[in-house]
Amino acid sequence: MTDTPRTGIPAAPEGRRIRLLLADDHPVVRAGLRAVLETEPDFEVVADVPTAEESVALAATLGVDVVLMDLQFAGEMRGPQATAEITAQEGAPRVLVLTTYDTDADILAAIEAGATGYLLKDAPPEELAAAVRTAAAGKSALAPAVALRLMDRMRTPAAALSRRETEVLQLVADGLSNARISKRLFLSQATVKSHLVHIYTKLGVDSRTSAVAAATAQGLIRR
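Residues numbered from 1 in each chain as written. Predicted model: local features only at pLDDT ≥ 70, side-chain atom pairs only at ≥ 80, totals over all residues. Heavy atoms only, no water.

Trainee: Can you break down helix α4 (residues 104–113) residue by residue, with the values?
Mentor: Among the ten residues of α4, eight are classified as buried, and the element is accordingly described as predominantly covered. For α4, the set of buried residues is Asp104, Ala105, Asp106, Ile107, Leu108, Ala109, Ala110 and Ala113. Trailing α4 by a residue or two, glycine 114 shows a phi angle of about 115°, which is positive. (Buried < 20%, exposed > 50% of the residue type's maximum accessible area, 1.4 Å probe, protein only. Helix = DSSP H or I, 4+ residues; strand = E, 2+ residues; numbered from the N terminus.)

Structure below.
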């Protein structure tokens, strides 16, 4: 393998390009990503799609190495679900999440769905290219801010919200009642209330409003 002059990260073997699929519902973002990535001699953007559903279908048929996946789409399927479906396939490509969201809720959902990497859209081109090569090699590619958040969770596990608690609180922030949260997550209302009690204790608050405010300020959920 040879080093690329701009990043020093090992490129694909000569004659072997890393095949990419871009999934983002904003056409300008897709065009910009394609323009940046196609300047790399060892990258080939095979296709770009505006929906998560299309990314799942094409990832299974195009023989791509890495899918660059946004988290939010206009359709019913979101990035984490698409990631889970893609990575569950035999001989699946790697999924590199590329998003504007850096909350615990989003990071945990993506990583638990099987994403190999998590990068923010404000990353410079050289960092993006390095992350793609790292993901293609089967190694973890995390933005520094994302890695720091995960390390903080590991250092203070007792105070960190669990994945389910984060999901519940995100739905509270979205305006859902306990009854609607119960139906959305297939939980009993008693279980939802129990999660909220644990959330209040961990955040040091005593109400739904205060919990949402505290979690938003700490970057645990988004508003």
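Trainee: I'd love a proper account of the packing of aromatic side chains, names of residues and values included.
Mentor: Counted by the stated rule, this structure contains zero aromatic pairs. The ring of tyrosine 101 carries arginine 222 above its face, with NZ or CZ at 4.4 Å from the centroid. (Phe/Tyr/Trp six-rings, centres within 6.5 Å; stacked < 30°, edge-to-face > 60°. Lys NZ or Arg CZ within 6 Å of the ring centre and 35° of its normal.)

Trainee: I'd love a proper account of the side chain of aspartate 70, names of residues and values included.
Mentor: Here aspartate 70 shows up in the loop between β3 (66–69) and α3 (79–87). Owing to a relative accessible area of 5%, aspartate 70 belongs among the buried residues under this scheme. At 3.4 Å, the side chain of aspartate 70 forms a polar contact with the side chain of lysine 121. Those residues in contact with aspartate 70 that sit more than four places away from it in its chain are Ala23, Asp24, Asp25, Gly79, Leu98, Thr99 and Lys121. (Polar contact = N/O pair within 3.5 Å; in protein donor to acceptor, adjacent residues only side chain to side chain. Contact = heavy atoms within 4.5 Å.)

Trainee: Can you break down the sheet that holds β3 residue by residue, with the values?
Mentor: The pairing of strands in a sheet happens through backbone hydrogen bonds and is either parallel or antiparallel. Here we have six strands laid out as an open sheet, ordered β2-β1-β3-β4-β5-β6, and parallel in their pairing. Looking at the sheet topology across the chains shown, the edges are occupied by β2 (43–49) and β6 (141–142). Two strands pair when backbone bridges link them, and β3 and strand β4 (residues 94–99) are joined in this way by four bridges, in the parallel orientation. Each residue of the ladder has a partner; that of valine 66, found in β4, is arginine 94. (Pairing = 2+ DSSP bridges.)

Trainee: Mind laying out the packing of helix α2 (residues 52–59) against α3, listing which residues take part and the relevant values?
Mentor: Running from N to C, α2 and α3 cross one another at 10°; their axes reach a closest spacing of 9 Å. What the angle tells us is that α2 and α3 run roughly parallel. From α2, Ala52, Ser55, Val56 and Ala59 reach across to α3, where they touch Ala82, Glu85 and Ile86. Taken together, the residues of the contact of α2 with α3 break down into five nonpolar, one polar and one charged. (Axes fitted to C-alpha atoms, helices over the stretch in contact; angles between N-to-C directions. Parallel < 35°, antiparallel > 145°, perpendicular 65-115°, else oblique. Nonpolar A, V, L, I, M, F, W, Y, C, P; charged D, E, K, R; others polar.)

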